[in-house]
Amino acid sequence: MNKIEQLTQANTAFLTKDLNPAQQEAVTLPVEGHALILAGAGSGKTKVLTHRIAWLILHHNIAPSAICSVTFTNKAANEMKTRLHTLMQQELPGLWCGTFHGINHRFLRIHYEHAKLSKTFQIMDSDDQLSLIRRIMRDLQIDPKINPPKTAANFINSHKDQGLRAYTLSAQNNWEALQLEVYHRYELLCNQSNLVDFAEILLRSYEALKENLELLKQYQGRFSHLLIDEFQDTNTLQYKWIKLLNGTLGNTFIVGDDDQSIYGWRGAKIENIQSFNKEFSKYKPVTEVCLEQNYRSTKPILSCANQLIAKNEDRLGKNLWTNIEGGEAVKIYAAVNGHNEADFVIKEIEHALENNMPGNHIAILYRSNAQSRLFEESLLKNKIPYTIYGGVRFFERAEIKDLLAYLRLVINPDDNAAFLRIINTPPRGIGNKTLETITQIANDEEVSYWQSAQKIKHPSLEKFIALITQWQKEIQKKEVEQQLDYLYKQSELISHYEKESKEKAEIREENIQELIIAAREYEDGNELISHAILEAGEQPVKTNHQAHECVQLMTLHSSKGLEFPLVFMVGMEDGLFPTTRSLDAEHKITEERRLAYVGMTRAREQLFLTFAGYRQLYGNQFSSFPVSRFIRDLPEEYIEIVEI
DNA sequence: CGTTAAGCAATTTTT
DNA sequence: TTGCTTAACG
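Throughout, residues of each chain are indexed from 1 in the direction in which the sequence is written. Each chain takes a letter, starting from A, and each ligand takes a number, starting from 1, following the order in which they are written. Under the rules for a predicted model, residues below a pLDDT of 70 receive no local features and side-chain atom pairs below 80 are neither given nor counted, while totals for whole chains, interfaces and linings still include all residues. As a rule here, side-chain values cover all heavy atoms of the structure and leave hydrogens and water aside.

**Overview of the sheet that holds strand E2 (residues 67-71)**
Sheet architecture is open: six strands sit in the order E3-E2-E6-E7-E1-E8, paired in parallel fashion. Of all the strands in the sheet, just strand E3 (96-99) and strand E8 (286-291) have a single pairing partner and so form its edges. The average undirected angle you get between the axes of adjacent strands in this sheet is 15 degrees. Strand direction decides the pairing type here: strand E6 (residues 225-228) and strand E7 (residues 251-256), joined by four bridges, are parallel. Looking at the pairing, Leu227 lines up with Phe253 of E7. In this analysis, two residues are considered to be in contact whenever any of their non-hydrogen atoms come within 4.5 Å of each other. Helix axes are fitted to C-alpha atoms over the stretch in contact, other axes to C-alpha atoms as well, and angles between N-to-C directions run from 0 to 180 degrees. The way it works is that DSSP assigns letters per residue, a run of H or I at least four long becomes a helix, a run of E at least two long becomes a strand, and they are numbered from the N terminus. The strands that helix H4 (residues 74-88) touches are E2 and E3; relative to E3, the one it contacts most, it runs at about 155 degrees. A pair of strands is labelled paired if DSSP reports no fewer than 2 bridges between them.

Below is the structure:
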């Protein structure tokens, strides 16, 4: 080793000094080659990712602009950025770090022509998508009871997630023929509207790369290093995109945990991580590193989690372990009924609070949101501060979407989704009949709803068109903030909201004002709209208390990535968890089991599993479920049955 | 066309 | 039970 090499070694030593051997191996893998980092729960995967990026830049002199780091959620992307910044104390010009959608959206804004989009294309969210599909199906006179629009949306999205366009598909039966017809019509409407849905963002990017060799070469040349977080959650299209961009020439560093794959139902393919080694080793060697040392949980908790997940077949294989000695057994409580279960949990929580455990160190995890109610009531009654995760996020609120739809329509009148949303909000005498005429003409002449509307003689409609046209002129010289303010007042949304109830109107008003203030940060309306849709905001919480230290209630799915000293997994019954719907197929139970594994590995110190002999589901129906198979699978020596 | 009552289904969630 | 969608009515 020469002196210069020694110098660079010293410079980067700080990157590896707090790492355990496996983490160190992962971070310092050779520049060339792919890597599969199998990162168990609580094994420090974000640390490995950020340190790997820093290592590439500092130790190997890789340009930041040659690195692309991809996550699934904005939260994860932001955390990555923050941690990178803290670690490196410098700007990283040209480094792309974001979500799959964020990165591909950025790509499309640059290369819209290659993607056959117009410069001002806009994104629509699943709500917009669904109303568009609903409209299409209504026009096609499809009975929504027999063929729900949700199913059609699913059909479209799941095919797009596999990279499959309508024209590439052929129907094998009547049902498929119908879904395909909707898919075709939907694609046409989106193109006329200059709109892309979430899956389309990825599909367009993928196709743009695939069909433009020059562009592909440019990006293959640029991103020599692609890092993917939560790889077990990638769907077919994302996997294709990774392979196309980086599978042959580049170096792909993937981090994930097949045992934490819980999103199969929305297209994630656990097979992607299972077959990564085989597929990617065709061009460059793949090194596998397994991070099994767990810094989170006690031995009894890990032993239970390990034994449970060992029931699954086709795992990549991994056993979490810890240095930490001791730890209490996992506690099982058999409640008489749902109320009794809630009482027990709340009593245990009170006990922990008395022993000075902060409320936010405690979590109640359940399979479905409806299960939160009993716990909420009991917490309220006992005056324990709590927060429940879930609900409508800021940019998904009706009033926000209404106002933004006005902005969208004024910027781009061909935006069919925006048109549908506000054509009669507030009510302006344009009902279903008129709408049918509009959509029929639009269908026949293959024009947007807006263009179609021009051709109809209808006083209310003419008035509406005149208004929008006038607003288009009015807002041109205004800043986004003023544009929104103007549209809000002109649209008479205020008086519309006031008709429902005073309290609701007040909340809506507050949200609108918040939106208008937030709009200051944006150059133009299009930027604001894209941001609003791609980053709809944090998951909202419902709380009974302003305090910081609230007991946390959430679904098992939303608990992924989090940790709590004290965890209650409730409703551990065959039929609730695993759900009835999963009992008919082994692969569904396997995913439920992974969900249980995720839940258990959230706990740091103490884990309670509870179930009830009977409970009231929905209204008055009493149901009784057997104890969950996931409890029966636990090792006797690490569990303790709680008697009261 | 807009309002209201009745009917009906009922995981998990991000972008 | 809740929340949403549709059919019937004014």
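**Overview of the environment of Ile62**
Along the polypeptide, Ile62 turns up in the loop between helix H3 (45-58) and E2. Assessed through its relative accessible area of 15%, Ile62 is described here as buried. The spatial distance from the C-alpha of Ile62 to the C-alpha of Lys150 is 46 Å, given a sequence separation of 88 residues. Residues contacting Ile62, with those up to four places away along its chain left out, are Val31, Leu56, Ile57, Ile67, Ser224 and His225. Under the scheme applied here, a residue whose accessible area is under 20% of the maximum for its type counts as buried, over 50% as exposed, and between as partly exposed, the area being computed with a 1.4 Å probe on protein chains only.

**Quick notes on the domain arrangement of chain A**
Here the bounds of each domain stem from an automatic or database domain assignment. According to the domain assignment, chain A consists of domain 1 (3-109 + 211-291), domain 2 (122-193), domain 3 (299-392 + 542-642) and domain 4 (394-534). Every contact between the two is made by seven residues of domain 1 and, on the other side, six residues of domain 2. Note on domain 1 versus domain 2: buried area summed over both sides is about 470 Å², and carbon and sulfur give 46% of it. Salt bridge criterion: a side-chain nitrogen from Lys or Arg within 4 Å of a carboxyl oxygen from Asp or Glu. Where domain 1 packs against domain 2, one counts zero salt bridges. In protein, a polar contact requires one atom able to donate a hydrogen and another able to accept it; more generally it is a pair of N or O atoms within 3.5 Å, and residues adjacent in sequence count only if both atoms are side-chain atoms. Where domain 1 touches domain 2, the interface holds two residue pairs in polar contact (both at pLDDT 80 or more). The set of elements that each furnish at least two residues to the side of domain 1 that touches domain 2 consists of helix H5 (100-110) and helix H11 (236-246). The element that contributes the greatest number of residues to the side of domain 1 that touches domain 2 is H11, accounting for three residues. A quick way to say it: buried area is the sum, across both parts, of accessible area lost when two parts are put together, with a 1.4 Å probe.

**A look at the protein's contact with DNA strand C**
Here, proximity means that at least one heavy atom of the residue falls within 4 Å of the molecule or strand. Taken together, Arg134, Arg138, Pro144, Arg373, Tyr618 and Gly619 make up the full set of residues near DNA strand C. Those atoms of DNA strand C that come within 4 Å of the protein belong to sugar or phosphate at a rate of 43%. Contact distances for DNA strand C include 3.2 Å between a phosphate oxygen and a side-chain N or O atom of Arg134. Residue type decides the class: Asp, Glu, Lys and Arg count as charged, Ala, Val, Leu, Ile, Met, Phe, Trp, Tyr, Cys and Pro as nonpolar, and the leftover types, Gly among them, as polar. Split into classes, the residues belonging to the surface near DNA strand C amount to two nonpolar, one polar and three charged.

**A few points about the protein's contact with DNA strand B**
The immediate surroundings of DNA strand B are formed by 30 residues, with Asn74, Arg367, Asn369, Gly429 and Thr555 found nearest. The protein-proximal atoms of DNA strand B, defined as those within 4 Å of the protein, are 51% sugar or phosphate. Contact between DNA strand B and Thr555: a phosphate oxygen at 2.6 Å from a side-chain N or O atom of the residue. For the surface near DNA strand B, the class distribution of residues is seven nonpolar, 16 polar and seven charged.

**Considerations on the pairing of strand E11 (residues 386-389)**
Looking at chain direction, E11 and strand E13 (residues 551-555) are connected through three bridges and run parallel. Residue pairing across strands places Tyr386 opposite Val551, the latter belonging to E13. The pairing of E11 with strand E12 (residues 541-543) spans three bridges and is classified as antiparallel. Note on E12: the bridge partner recorded for Ile388 is Lys542.

**Some points on the packing of helix H17 (residues 398-411) against helix H21 (residues 459-475)**
Taken N-terminus to C-terminus, the directions of H17 and H21 make an angle of 80 degrees; their axes are 9 Å apart at the nearest point. Between H17 and H21, the angle falls in the class roughly perpendicular. Residues Tyr406, Leu409 and Val410 of H17 pack against Phe464, Ile468, Trp471, Gln472 and Ile475 of H21. Looking at the contact of H17 with H21 residue by residue, the class counts come to seven nonpolar, one polar and no charged. In what follows, roughly perpendicular refers to angles from 65 to 115 degrees, roughly parallel to angles under 35, roughly antiparallel to angles over 145, and oblique to any angle outside these ranges.

**A short note on a nonpolar patch on the surface**
Candidates for patches are residues over 30% relative accessible area with no salt bridge; among them, like charges are joined within 9 Å and nonpolar side chains (Val, Leu, Ile, Met, Phe, Trp, Tyr) within 5 Å. For every accessible area listed, the method is Shrake-Rupley and the probe measures 1.4 Å; residues are considered covered only by the protein chains on display. A cluster of nonpolar residues, Val336, Tyr614 and Phe622, forms a patch on the protein surface that exposes about 310 Å² of accessible area. The topology assignment puts Phe622 in strand E16 (residues 621-623).

**Quick look at the nonpolar core**
Leu209, Trp241, Leu404, Phe419 and Leu484 are the most contacted members of the largest nonpolar core, which has 108 residues in total. No other element matches H17, which puts eight residues into this core. If sequence neighbours within four positions are ignored, Phe419 has contacts with Leu409, Leu435, Ile438, Tyr449, Trp450, Ala453 and Phe464. Residues Met572, Phe577, Ala596 and Phe611 belong to the second largest nonpolar core, which totals 35 residues. To qualify as a nonpolar core, a set must consist of buried Ala, Val, Leu, Ile, Met, Phe, Trp, Tyr and Cys residues joined through side-chain atoms within 4.5 Å.

**Observations regarding helix H6 (residues 126-139)**
To estimate the expected span of a helix, count its residues, drop one, and scale the result by 1.5 Å. Taking 1.5 Å per residue, 14 residues should reach 20 Å; H6 reaches 20 Å between its end C-alpha atoms and fits that length. Regarding H6, the residues found buried are Asp128, Gln129, Leu130, Leu132, Ile133, Arg135, Ile136 and Met137. Tucked into the core, H6 has its buried residues touching helix H7 (149-160), helix H8 (174-193), H17, helix H18 (416-422), helix H19 (432-445) and helix H20 (449-454). Remark: Gln141 follows H6 within two positions and exhibits a positive phi of approximately 55 degrees.

**What about the pairing of E2?**
Within E2, five of the five residues are buried, which leaves the element mostly enclosed by the surrounding structure. Residues Ile67, Ser69 and Thr71 of E2 are buried on one face, and the alternating residues Cys68 and Val70, pointing to the opposite face, are buried as well. As judged from the four bridges shared by E2 and E6, these two strands associate in the parallel manner. Counted as the bridge partner of Val70 is Ile228 from E6. Handedness rule for crossovers: strands pointing away from the viewer, path from the first strand over the helix to the second running clockwise, crossover right-handed. As a crossover connection, the stretch from E2 through H4 into E3 is right-handed.

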